[in-house]
Amino acid sequence: MEKVIGFKLDKFPLSLRSIVNLEYFDGPLLSLFENEYGDSYLYSWCDVDNLYNRWLVFRVAQPTLKLYIEGQVSFHQLIVNPVDGFLYSLDIDNALQVKNTYLILPENLPEIYLPETDSYYELSDLNRETAAEDKLLIFQKVSGESQLSKV
C-alpha cells in the first residue's frame, strides 16, 4: 500500500451508518454514510494489501453531494476540497475492523489516490442486483430526506 502522510489517530472518531453504495464492482468502491445528525460522508476505496483495504473517508455538504450525483461536480473536486479540509484514511481488515486511522490533508494524498479530473458520477456504476433500491436511497438522500428518520 502507498505510504500516507498524516496525523495518526488512536481510533476513527466518527460513528457512521451506511446508506448506500454509489459505485460497485465486485464489491463497494464508493459508499455513502451519514452520522447521527444526517451529515453525509463518503467512503472511497483506494488501496489494498494482504491485510487491509484502505478507504478515504470525508464529509460532503448536501448541496455538493446533489451536484455530484447530478454529474455537475467531479469526484476529483470532492476529494481535493473536503468540507472539513481533511480526509480520514482507514485501513480496514477482513473482519471490517478499523486498524489504522490517519487524518490527511488533500495535498498530501498519494497521486494514485486522486481520481481523474473528469470523474463524474454515473448511476450505471451501481450494483446491478440492487440498482432500483439504491437509486431510490440516493434520490431520497440528495433531496434532503435523512435515512435516520426511518430507523
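Shown above is the structure to which this text applies.
Residues numbered from 1 in each chain as written. Predicted model: local features only at pLDDT ≥ 70, side-chain atom pairs only at ≥ 80, totals over all residues. Heavy atoms only, no water.

1. Quick notes on the side chain of Ser-119
With respect to the helices and strands, Ser-119 occurs in the loop between β7 (98-104) and α3 (131-142). When its relative accessible area of 16% is taken as the criterion, Ser-119 is described as buried. Within the structure, the side chain of Ser-119 is placed 3.0 Å from the backbone nitrogen of His-76, a separation counted as a polar contact. (Helix = DSSP H or I, 4+ residues; strand = E, 2+ residues; numbered from the N terminus. Buried < 20%, exposed > 50% of the residue type's maximum accessible area, 1.4 Å probe, protein only. Polar contact = N/O pair within 3.5 Å; in protein donor to acceptor, adjacent residues only side chain to side chain.)

2. Examining the pattern of salt bridges
Summed over all chains, the structure comprises five salt bridges. Where Arg-54 meets Asp-91, a salt bridge forms, and the shortest distance between an N and an O atom there is 2.7 Å. With Arg-54 in strand β5 (residues 53-60) and Asp-91 in strand β6 (residues 87-92), the pair connects residues that are 37 residues apart, well separated along the chain. Glu-70 is the partner of Lys-66 in a salt bridge, and the nearest nitrogen-oxygen pair spans 2.5 Å. (Salt bridge = Lys/Arg side-chain N within 4 Å of Asp/Glu carboxyl O.)

3. Notes on the nonpolar core
When a protein is soluble and globular, its nonpolar side chains tend to lie buried together. In this structure, Leu-22, Leu-42, Ile-69, Phe-75 and Leu-78 are the most contacted members of the largest nonpolar core, which totals 28 residues. Counting residues per element, the ones that place at least two in this core are β2 (17-24), β3 (28-34), β4 (40-48), β5, α1 (62-69), α2 (75-80) and α3. The leading source of residues in this core is α3, at four residues. Excluding residues within four positions of it along the chain, Ile-69 makes contact with Leu-22, Tyr-121, Ile-138, Phe-139 and Val-142. Membership of the second largest hydrophobic core comes to eleven residues, among which are Leu-9, Phe-12, Trp-55 and Ile-92. (Core = buried A, V, L, I, M, F, W, Y, C linked by side-chain atoms within 4.5 Å. Contact = heavy atoms within 4.5 Å.)

4. As for α1
Within the sequence span of α1, burial applies to Leu-65, Tyr-68 and Ile-69. One face of α1 carries all of its buried residues, which in axial projection span an arc of 95°. Tucked inside the fold, the buried residues of α1 contact β2, β3, β4, β5, α2 and α3. (Arc of directions from axis to C-beta.)

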